[in-house]
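Residues per chain are reported as follows:
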Amino acid sequence: MIVKFLKASADFRGVFYNMDKVGTGKAELMAAVNFDALDGLNEIKPTDYLNYLQAISSNNKAISKPQLHVAISTFGRDHDKQALTDVAERWLEKMGYARQPYFVVFHKDTENNHVHIVSSRVDYDGRKISSDYERVRAVRAINEIMGLDEYRSWQHDLEKAKAYRVSTLPQFKLLLECMGYKVSGNALIKYGKKLATLDFDNVKLTGPEQHRATQLEAIFNKYAPQHDLPGFTDYMKTKMGVELVMHSKDGKPAYGYTVIDHAQKNAYKGSEIMPLKQLMLLLGSTNALQQTSSATSQKSNDSNFTVNISKDVDDDQIHGPRRRRKKKARTNTR
């Protein structure tokens with residue numbers, strides 16, 4: 001499960017971002033807690049939540065961006081809306097927000113189930129909720145809630161990486177990076193802290209299977225012409241269990257790539273399968289790594305609909321159109 005802090009805001013634009021989705025059926029309001037002054041209203045509108053959060057935050061003018069906006073996401077459909085809501089509320093308690101006004105919204109328009117949390121960083125007495133080591137504490141809180149043993153987790157992942165046939169230590173370190181770790185010298189880092197000091201002298205450099213390289217070359221020739229680079233990397237990973245990691249520097253097009261064959265536990269220098277230039281030609285572009293990003297603006301206008309706390313209903317009956325995720329090739333800058 002992943003926790004992500006979203007962009008800070010002075011005007012609580014996260015309220016309208018989430019409530020607009022509720023209004024269009026792409027999300028459900030699962031919980032609205034500690035908005036005591038709103039209890040007497042027959043209808044609660046997004047502007048009511050906005051005004052309440054702004055009123056609380058005005059108790060401390062020194063906090064220029066008081067909005068807390070966080071997303072907690074699971075893989076695919078591993079956790080349903082209620083499970084994610086429970087995790088969100090337990091996370092808020094661990095982070096010091098249990099007594100704050102907050103709401104939790106379940107989003108159902110992406111490939112991964114997730115909830116958004118919006119609250120204020122200023123409490124009723126005008127004090128700021130602690131943000132010391134916030135991201136580190138956020139991940140630790142999620143791990144505790146999910147019962148993840150960080151020590152056993154890295155040991156398991158290390159043994160898993162050792163089962164791959166690699167030619168070089170950089171390939172082995174890249175395997176660990178693909179598992180979400182950072183390798184700095186001999187230090188293995190994750191969850192915002194150093195977990196272990198590794199002895200890379202014990203890593204066996206056996207080299208990958210050559211007959212598998214021939215198979216992968218044939219697969220590249222068959223399927224690369226059917227995709228662009230992001231589509232091809234996604235297809236290879238999801239359908240073939242093969243991950244392509246492009247290597248670039250200073251935002252320039254890739255100079256090389258690594259092929260990690262999770263299906264049969266091999267790691268190849270990309271040229272052992274197919275020269276990068278040849279792969280780009282098959283994909284129909286020699287500049288396929290130049291991805292453009294578009295910034296999306298969030299509307300902050302009044303909404304006229306009434307907000308209701310979601311009841312326990314069948315998700316399949318209320319799913320709105322799913323937003324297709326914009327896919328980008330994984331890029332490693334080492």
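Residues numbered from 1 in each chain as written. Predicted model: local features only at pLDDT ≥ 70, side-chain atom pairs only at ≥ 80, totals over all residues. Heavy atoms only, no water.

(A) The arrangement of the packing of aromatic side chains in detail. Under the criterion given, the structure shown has seven aromatic pairs. Geometrically, the ring pair formed by Phe172 and Phe200 is edge-to-face, given 6.3 Å between the ring centres and 80° between the ring planes. In this pair, Phe172 sits in helix H6 (residues 169-178) while Phe200 sits in the loop between strand S8 (193-197) and helix H7 (210-223), placing the two residues 28 residues apart along the sequence. For the pair Phe172 and Phe200, a shared accessibility class is recorded, and that class is buried. When the centroid spacing of 5.0 Å and the interplanar angle of 35° are considered together, the rings of Tyr223 and Tyr235 count as tilted. Pair noted here: Tyr223 is in helix H7 and Tyr235 is in helix H8 (residues 229-240), with a separation of 12 residues, a long-range link. In this structure Tyr235 comes out as buried when scored by relative accessible area, which is 19%. Ring pairing ties together the aromatic residues Phe35, Tyr49, Tyr52 and Phe103, which thus form one cluster. (Phe/Tyr/Trp six-rings, centres within 6.5 Å; stacked < 30°, edge-to-face > 60°. Helix = DSSP H or I, 4+ residues; strand = E, 2+ residues; numbered from the N terminus. Buried < 20%, exposed > 50% of the residue type's maximum accessible area, 1.4 Å probe, protein only.)

(B) Broad picture of the sheet that holds strand S7 (residues 187-190). Here three strands make up an open sheet; going across it, the order is S6-S7-S8 and the pairing antiparallel. Both outer strands of the open sheet, strand S6 (182-184) and S8, are each paired with one neighbouring strand and no more. This sheet shows a mean twist of 30° between the axes of neighbouring strands, independent of strand direction. Strand direction decides the pairing type here: S6 and S7, joined by three bridges, are antiparallel. Residue pairing in the sheet places Lys182 in a bridge with Ile189 of S7. Each of S7 and S8 is contacted by helix H5 (residues 150-162), which is oriented at about 50° to S8, the strand it contacts most. (Pairing = 2+ DSSP bridges. Axes fitted to C-alpha atoms, helices over the stretch in contact; angles between N-to-C directions. Contact = heavy atoms within 4.5 Å.)

(C) Molecular detail of the environment of Asp201. The topology assignment puts Asp201 in the loop between S8 and H7. Its relative accessible area of 71% is what places Asp201 among the exposed residues. Along the backbone, Asp201 and Leu169 are 32 residues apart, and their C-alpha atoms lie at a distance of 9.3 Å.

(D) How the structure looks around the environment of Ile219. Structurally, Ile219 can be placed in helix H7. Of the residues examined, Ile219 reaches a relative accessible area of 17% and is grouped as buried. The spatial distance from the C-alpha of Ile219 to the C-alpha of Met240 is 9.3 Å, given a sequence separation of 21 residues. Non-local contacts of Ile219, meaning those with residues more than four positions away in its chain, are made with Ala224, Met236 and Met240.

(E) Region of the structure containing H5. The terminal C-alpha atoms of H5 lie 18 Å apart, and with 13 residues this matches the ideal 18 Å at 1.5 Å per residue to within 8%. Among all positions of H5, only Glu150, Ser153, Trp154, Asp157, Leu158 and Ala161 are buried. Taken end-on, H5 shows its buried residues confined to a sector of 130°, consistent with a single buried face. Turned more than 90 degrees from where H5 packs its buried face, Arg152, His156 and Glu159 sit exposed. If you follow the buried residues of H5, they end up packed against helix H4 (134-146), H6, S7 and S8. (Expected span 1.5 Å × (residues − 1). Arc of directions from axis to C-beta.)

(F) Quick look at the nonpolar core. By size, the foremost hydrophobic cluster in this structure holds 24 residues, and its most contacted members are Val70, Ile72, Trp91 and Ile117. For this core, the secondary structure elements donating two or more residues are strand S1 (2-5), strand S2 (27-33), strand S3 (67-73), helix H3 (81-94), strand S4 (102-107), strand S5 (114-120) and H4. Non-local contacts of Ile117, meaning those with residues more than four positions away in its chain, are made with Leu68, His69, Val70, Ile72, Ala88, Trp91, Leu92, Phe103 and Val104. Formed by 23 residues, the second largest nonpolar core is a distinct cluster that contains Leu229, Ala254, Val259 and Met274. (Core = buried A, V, L, I, M, F, W, Y, C linked by side-chain atoms within 4.5 Å.)

(G) Geometry of the sheet that holds S1. Spatial ordering of the open sheet is given by S1-S3-S5-S4-S2, a layout of five strands whose pairing is antiparallel. Looking at strand neighbours, the two that pair on one side only are S1 and S2, the edges of this open sheet. Neighbour-to-neighbour, the strand axes of this sheet turn through a mean angle of 20°, independent of strand direction. Direction of pairing for S1 relative to S3: antiparallel, over a ladder of four bridges. Its bridge partner lying in S3, Ile2 is registered against Ser73. Across the sheet, helix H2 (residues 46-57) is in contact with S2, S4 and S5; its angle to S5 comes to roughly 45°.

(H) Broad picture of the confidence of the model for the protein. Mean pLDDT for the protein: 85, with 85% of residues reaching 70 or above. In this model residues 286-306 is a low-confidence stretch, pLDDT under 50, and it forms 38 contacts with partners more than four residues away in sequence or in other chains. Segment residues 310-328 is flagged for pLDDT under 50; beyond a separation of four residues in sequence, or across chains, it makes 36 contacts in the model. (pLDDT = per-residue confidence, 0-100.)

(I) Layout of H3. Spanning 14 residues, H3 covers 20 Å between terminal C-alpha atoms, matching the ideal 20 Å at 1.5 Å per step. Turning to H3, its buried residues are Lys81, Leu84, Thr85, Val87, Ala88, Trp91 and Leu92. Projected down its long axis, H3 carries its buried residues within an arc of 160°, all on one side. For H3, the side-chain oxygen to backbone nitrogen distance between the N-cap and Gln82 is 3.2 Å, and the N-cap itself is Asp80. Gly96, located one to two residues past H3, shows a positive phi value of around 90°. (Polar contact = N/O pair within 3.5 Å; in protein donor to acceptor, adjacent residues only side chain to side chain.)

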